[in-house]
Amino acid sequence: MHYTGTEAGRYRWHRLKLRMPVIGPLTHQAILSRISRSLSISMAAGLPVIQALNIIARSAGNDFMAERVTRLRDAVERGDGLSRAAATVGMFPSLVIQMLAVGEETGEITDLLSEVADFYEREVDYSLKNLSAALEPLLIIGVGGMVLVLALGVFLPMWEMVAKVSSGH
């Protein structure tokens, strides 16, 4: 735990969490949903994009993703459009980048960011439902195994006692 207390250790741990088999994609989608929603709300409230990205980077909850948001902010500060900067940073899939490009062209970027956030929230909910459905059989097998061990712990001594009595010892 001391290692994750350091800045470099926490960064590596957060990056590793995003690469874990089942938890990684779920965490990544949840963070992208939060970032998209926060950016949409901030821009709709009239906050400049660079200020909004600064705030989002500090509240991302994952150092690896916060670093990506900071890189996104830096690219926007250099004059790149949000969609182009997002493509450079590589934190969003191509579909989201295309939606950002359409939003920039039509002036509806806050609405499209809100839709992206809704999409990721639905994906997280769907993944959680599937995860719980996938865990049910494993939990049933685990509980059945524990019941088997307890039953054998009770019945084996009784069977041994009956065997000894019937053999005459």
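Residues numbered from 1 in each chain as written. Predicted model: local features only at pLDDT ≥ 70, side-chain atom pairs only at ≥ 80, totals over all residues. Heavy atoms only, no water.

(A) Focus on helix 2 (residues 7-19). Over its 13 residues, helix 2 extends 19 Å from the first C-alpha to the last, a length consistent with the 18 Å expected when each residue adds 1.5 Å. Along helix 2, the positions that sit buried rather than exposed are Gly9, His14 and Leu18. Of the surrounding elements, those touching the buried residues of helix 2 are helix 1 (2-5), helix 3 (23-44) and helix 5 (63-77). (Helix = DSSP H or I, 4+ residues; strand = E, 2+ residues; numbered from the N terminus. Expected span 1.5 Å × (residues − 1). Buried < 20%, exposed > 50% of the residue type's maximum accessible area, 1.4 Å probe, protein only. Contact = heavy atoms within 4.5 Å.)

(B) Structural context of the nonpolar core. With 29 residues, the main nonpolar core has Ile35, Leu39, Met65, Met91 and Phe92 as its most contacted residues. Among the elements of the structure, helix 3, helix 4 (49-58), helix 5, helix 6 (82-89), helix 7 (94-106) and helix 8 (109-167) are those that each provide at least two residues to this core. Dropping the residues within four chain positions of it, Met65 is found in contact with Leu18, His28, Ile31, Leu32, Ile35 and Met91. (Core = buried A, V, L, I, M, F, W, Y, C linked by side-chain atoms within 4.5 Å.)

(C) Summary view of the confidence of the model for the protein chain. On average, residues of the protein chain score 90 in pLDDT, and 99% of them are at 70 or above. Looking at the elements of the protein chain, mean pLDDT is at its lowest for helix 1, recorded as 73, and at its highest for helix 5, recorded as 93. (pLDDT = per-residue confidence, 0-100.)

(D) Fine view of the pattern of salt bridges. In total, this model carries five salt bridges according to the counting rule given. Measuring nitrogen to oxygen at the nearest pair gives 2.7 Å for the salt bridge that ties Asp63 to Arg10. Of this pair, Asp63 sits in helix 5 while Arg10 sits in helix 2, and the two are 53 residues apart along the sequence. Looking at Arg10, the relative accessible area reads 29%, which means it is partly exposed. Put simply, Arg37, Asp118 and Glu121 are held in one network by salt bridges that share partners. (Salt bridge = Lys/Arg side-chain N within 4 Å of Asp/Glu carboxyl O.)

(E) Quick look at a nonpolar patch on the surface. There is a patch of nonpolar side chains on the surface, built from Val22, Ile23, Leu128, Leu131, Leu135, Leu138 and Leu139 and spanning about 630 Å² of accessible area. In terms of residue count, helix 8 provides more of the nonpolar patch than any other element does, five residues in total. Looking at the element boundaries, Leu131 is found in helix 8. Taking the relative accessible area as the measure of exposure, Leu131 reaches 31% and is therefore partly exposed. (Patch = residues over 30% accessible without salt bridge, like charges linked within 9 Å, V, L, I, M, F, W, Y side chains within 5 Å. Areas by Shrake-Rupley, 256 points an atom, 1.4 Å probe, with all protein chains shown as cover.)

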